[in-house]
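Notes for the structure review
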Amino acid sequence: MNKTQVLIIEDEPALRTMLEITLQSNNYSVHQAKKGKDGLIMAENHPPDLILLDLGLPDIGGQQVLAELRTWFTNPIIIISVQKEEEEIIRALDNGANDYLSKPFRTGELLARIRAALRSVISEDYQPVLQFSGLSINLEERTVKREEELVKLTTTEYNLLLLLAKNEGKVLTHAFLLRTIWGPGFINQAQYLRVFIAQLRKKIEPNPNDPTYIITESGVGYRFLGMFG
Ligand code: CA
């Protein structure tokens, strides 16, 4: 079986080495670029299955690399950022990044995010039923079942759950969710989202106070996890 190819675009040598060792020992094949331009060339010559992209690069910025990649590259891109760059993270997610990791991060977290991002690619084909552990969504009937029991959802709750579930593993920003579900005029109505997320959790989560399906990404948005890591 071919190994999953990961391209790391990161200028810090220590972090690059750490990522390389971690990924290689977990059976990924790793390529590295120290600069944004090199990363773009490498991605084009050998399109990887996933890219880890640092936002702070010495030549062209990570946001520009992301924008150029997203004109043709459809596989997952995970952003590596400094903890304080919340606005930059949100911008990158809105511009097509799948997920982000803030430095410093644990290797277990890194590997889990990579697995989740790769899984979202596999489930891209049309399936009439989205099946997750303990939860299923029937796209034709527009019904949701938890442990084989029908869950009664309003239209908005259903649309919100479906949007999150179709993007399993990916962080969706508050602005993206508000714009997609309620419309462009609602981008600042964060309270709508809080209310509907709380309602959804009450209906689908085994323990709404400790959610396992709809995960809060503090200050950024929400992420759906269907397989519990
Ligand atoms: Ca950097």
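These remarks concern the structure in this document. Bear in mind that the values here come from a model prediction, so they are computed numbers and not experimental data.

1. What to know about the sheet that holds strand β12 (residues 221-224)
Overall, antiparallel pairing links the three strands, which are arranged β10-β12-β11 in an open sheet. Of all strands in the sheet, those with a lone pairing partner are β10 (171-173) and β11 (214-217), marking the two edges. Here the strands of the sheet are splayed against their neighbours by 30 degrees on average, with no regard to which way each runs. In this sheet, β12 lies alongside β10 in antiparallel orientation, the contact comprising three bridges. Each residue of the ladder has a partner; that of Leu 172, found in β12, is Tyr 222. The sheet contacts of helix α8 (residues 190-204) involve β11 and β12, and relative to β11 the element is tilted by about 145 degrees.

2. Here we look at the coordination of the calcium ion
Taken together, Asp 11 (OD), Asp 54 (OD) and Gly 56 (O) make up the protein donors of the calcium ion, found 2.2 to 2.4 Å from the metal. Look at where the donors of the calcium ion fall in the sequence and you get D-x42-D-x1-G.

3. Notes on the pairing of strand β7 (residues 135-138)
Burial along β7 is two-sided: Leu 135 and Ile 137 and Ser 136 and Asn 138, pointing in opposite directions, are all buried. Across four bridges, strand β6 (residues 129-132) lies against β7 in antiparallel orientation. Residue pairing in the sheet places Leu 130 in a bridge with Ile 137 of β7. What sits between the antiparallel neighbours β7 and strand β8 (residues 143-146) is a turn of four residues, in which Arg 142 has the positive phi angle 55 degrees.

4. Describing the packing of aromatic side chains
All chains considered together, the criterion is met by six aromatic pairs. Judged by centre distance (6.0 Å) and plane angle (15 degrees), the rings of Tyr 213 and Phe 224 are stacked. Linking Tyr 213 in the loop between α8 and β11 with Phe 224 in strand β12, this pair joins segments that are eleven residues apart in sequence. Residue Tyr 213 is classed as buried on the basis of its relative accessible area, which comes to 2%. The structure contains a cluster of three or more aromatic residues connected by ring pairs, namely Trp 182, Phe 186, Tyr 192 and Phe 196.

The rules behind these values
- Once a new chain begins, its residue numbering starts again from 1 and follows that chain's sequence as written.
- Only residues with pLDDT of 70 or above have their local features reported here, since the model is predicted, and side-chain atom pairs are shown and tallied only from 80 upward, although totals for entire chains, interfaces and linings are computed over all residues.
- The basis for every side-chain value is the complete set of non-hydrogen atoms in the structure, without hydrogens or water.
- Should DSSP find at least two bridges between two strands, the strands are taken to pair.
- Runs of H or I in DSSP of at least four residues are treated as helices and runs of E of at least two as strands, each being numbered from the N terminus.
- Only the stretch in contact is used when fitting a helix axis, every axis being a line fitted to C-alpha atoms; angles between N-to-C directions are given from 0 to 180 degrees.
- Note on contacts: a residue pair qualifies if any of its non-hydrogen atoms lie within 4.5 Å across the two residues.
- For Na, K and Ca the donor cut-off is 3.2 Å; for every other metal, N, O and S atoms count as donors within 2.8 Å. Water does not enter the count, which can leave sites looking incomplete.
- Relative accessibility thresholds used throughout: buried, under 20% of the residue-type maximum; exposed, over 50%; partly exposed, between the two (1.4 Å probe, protein chains only).
- Side-chain rings of Phe, Tyr and Trp, where Trp is taken by its six-membered ring, are said to pair if the distance between their centres is within 6.5 Å; with planes under 30 degrees apart they count as stacked, over 60 as edge-to-face, and otherwise as tilted.

Interpretation in functional terms is not warranted from these geometric data alone.
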